[in-house]
Amino acid sequence: MRAVMHHEFGDPAQVLTVEEVATPEPGPGEVRLRTLLAAIHNHDLWTIRGSYGFKPELPARAGTEAVAVVEALGEGVDHLQVGQRVASGGAFGAWAEQYVAPARGLIPVPESIPDEVAAQLVSMPFSAISLLESLGLSAGDWLVQNAANGAVGRMVAQLAAARGINVVGLVRRTAGVAELSAHDIGNVVATDTDGWAEEVRAIVGDAPIKVGVDSVGGPASGEVMSLLAENGELVVFGAMQSPTMEIGSGDVIFKQATIRGFWGSVVSREMPAEQRRALFGELIQRIGEGSLTLPVDRVYSFEDVREAAAANFEPGRSGKILLKP
């Protein structure tokens, strides 16, 4: 079978290859899956660069999320059937014609959800709803987030709106305001314009901004912190611009602010099963009612994986980049 591989860490647009490898067999508690569509996530590309929290042995496969069909069941797997369509997230090596995944982590996909949506159902949407759940906000509360036009930022805004939580979104380009407006997401402010902080205050009024979510790093971290109310909390989700956060000590001290990290992989692994099922149920409900959208920008073949990796970081994308065997 064919699989996307890399023999060194580096720029995915330069090091990824497609190779013939042996078809894997599932062990106890595992399932072999036939890939229909696979998603490209930032963390997949950071792993290929060797700069993520998980660093595989080389040569390594790639990819962590796909929608697939069950091809073979390992010993002890009795809750799935051969031929069943499932979504998988966190199963390393998903950019392949077939791959093995733990059965307990697979999500049966309802017929009403198309492959293009199911291929991105787990990692980003579940990270977004888990992040939102962790903030402890109630209907009517305000949060601010940067990278608002990124996949997770857009989903957080949509999921928060469905819960009655108010969101101010920060984008680095004025064009990002219109891009989000096309998804019916408002209260978006571009930080490349003068007076953007005053614009945020005009949106919020006298209401306190209780939580900020930073996915950018660098000076953007301090921008989010500057908007928080007293006893506010800054949650660090990513570092798209810089691994170093530039935050003034005065904001932290005088606001008595709290800063903490959020790593979706760990949160998902440690989450009680009942809560996990409830959040996935909410995701499927929101997708079904149309309040959560998972658009696709382009679908690439495995042979064009280098081009696909480069396209993932192009500004102004309208949705997720997917791979098709």
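The structure under discussion appears in the preceding block.
Residues numbered from 1 in each chain as written. Predicted model: local features only at pLDDT ≥ 70, side-chain atom pairs only at ≥ 80, totals over all residues. Heavy atoms only, no water.

Caption draft 1: Highlighting the nonpolar core. Counting 42 residues, the largest nonpolar core has Leu135 and Leu143 as its most contacted members. Every element with two or more residues in this core is listed here: strand 3 (30-39), strand 5 (65-73), helix 3 (115-118), helix 4 (123-134), helix 5 (151-163), strand 12 (209-214) and helix 11 (273-289). The element contributing the most residues to this core is helix 4, with 6 residues. The contact partners of leucine 135, leaving out residues within four places of it in the chain, are Leu143, Val211, Val213, Val235 and Arg260. Of all hydrophobic cores here, the second largest spans 31 residues; its members include Val31, Tyr300, Val305 and Leu323. (Core = buried A, V, L, I, M, F, W, Y, C linked by side-chain atoms within 4.5 Å. Buried < 20%, exposed > 50% of the residue type's maximum accessible area, 1.4 Å probe, protein only. Helix = DSSP H or I, 4+ residues; strand = E, 2+ residues; numbered from the N terminus. Contact = heavy atoms within 4.5 Å.)

Caption draft 2: Representation of the pairing of strand 16 (residues 320-324) within the structure. When you tally the buried positions in strand 16, you get 4 out of 5 residues, the bulk of the element. Alignment of strand 3 against strand 16, held across 2 bridges, turns out to be antiparallel. Across the sheet, alanine 39 pairs through a bridge with leucine 322, a residue of strand 16. Relative to strand 16, strand 15 (residues 296-301) is paired through 5 bridges, and the arrangement is parallel. Opposite valine 299, over in strand 16, you have leucine 322 as the bridge partner. A crossover links strand 15 with its parallel partner strand 16, the connecting element being helix 12 (residues 305-311), and its sense is right-handed. (Pairing = 2+ DSSP bridges. Right-handed = clockwise from strand over helix to strand, strands pointing away.)

Caption draft 3: Region of the structure containing the packing of aromatic side chains. Following the criterion strictly, the structure yields 5 aromatic pairs and no others. Arranged with centres 5.9 Å apart and planes meeting at 25 degrees, the rings of phenylalanine 237 and phenylalanine 262 form a pair that is stacked. Of this pair, phenylalanine 237 sits in the loop between strand 13 (233-236) and helix 9 (249-254) while phenylalanine 262 sits in the loop between strand 14 (258-261) and helix 10 (264-270), and the two are 25 residues apart along the sequence. Among the residues examined, phenylalanine 262 registers a relative accessible area of 7% and is labelled buried. Put simply, the rings of Trp46, Tyr52 and Trp263 touch in pairs and so form one group of aromatic residues. Between arginine 276 and the ring centre of phenylalanine 126, over which it is positioned, the NZ or CZ distance is 5.1 Å. (Phe/Tyr/Trp six-rings, centres within 6.5 Å; stacked < 30°, edge-to-face > 60°. Lys NZ or Arg CZ within 6 Å of the ring centre and 35° of its normal.)

Caption draft 4: A look at the sheet that holds strand 4 (residues 60-61). Spatially, 3 strands are ordered 2-1-4 in an open sheet, and the strand pairing comes out antiparallel. Lying at the two open borders of the sheet, with one neighbouring strand each, are strand 2 (16-20) and strand 4.

Caption draft 5: A look at the pattern of salt bridges. According to the stated counting rule, one finds 15 salt bridges in the structure shown. Salt-bridge contacts for aspartate 11 lead to arginine 49; the nearest nitrogen and oxygen are separated by 3.9 Å. With a gap of 38 residues between them, aspartate 11 in the loop between strand 1 (2-6) and helix 1 (12-15) and arginine 49 in helix 2 (residues 42-49) connect regions that are remote in the sequence. Close ionic contact of arginine 298 with aspartate 297 constitutes a salt bridge, the shortest N to O distance being 2.7 Å. A relative accessible area of 32% places arginine 298 in the partly exposed class. Look at aspartate 297 and you get partly exposed, because its relative accessible area is 23%. Put simply, Glu133, Arg163, Glu282, Arg286 and Glu289 are held in one network by salt bridges that share partners. (Salt bridge = Lys/Arg side-chain N within 4 Å of Asp/Glu carboxyl O.)

Caption draft 6: Summary view of unusual backbone geometry. With an omega of -5 degrees, the peptide bond between leucine 58 and proline 59 qualifies as cis. With respect to the helices and strands, the residue proline 59 is situated in the loop between helix 2 and strand 4. Of note in the backbone geometry, alanine 147 takes a positive phi value of approximately 50 degrees without being a glycine. Tracing the sequence through the fold places alanine 147 in the loop between strand 9 (142-145) and helix 5.

Caption draft 7: Expanded view of the packing of helix 4 against helix 11. At their nearest, the axes of helix 4 and helix 11 sit 10 Å apart, and the two run at 115 degrees to each other. One finds that helix 4 runs roughly perpendicular with respect to helix 11. Of the two possible hands of crossing, helix 4 and helix 11 adopt the one that is right-handed. Residues Pro125, Phe126, Ile129, Ser130 and Glu133 of helix 4 lie in contact with helix 11, whose contacting residues are Gln275, Arg276, Leu279, Phe280, Glu282 and Leu283. (Axes fitted to C-alpha atoms, helices over the stretch in contact; angles between N-to-C directions. Parallel < 35°, antiparallel > 145°, perpendicular 65-115°, else oblique. Left-handed = near helix turned anticlockwise from the far one by under 90°.)

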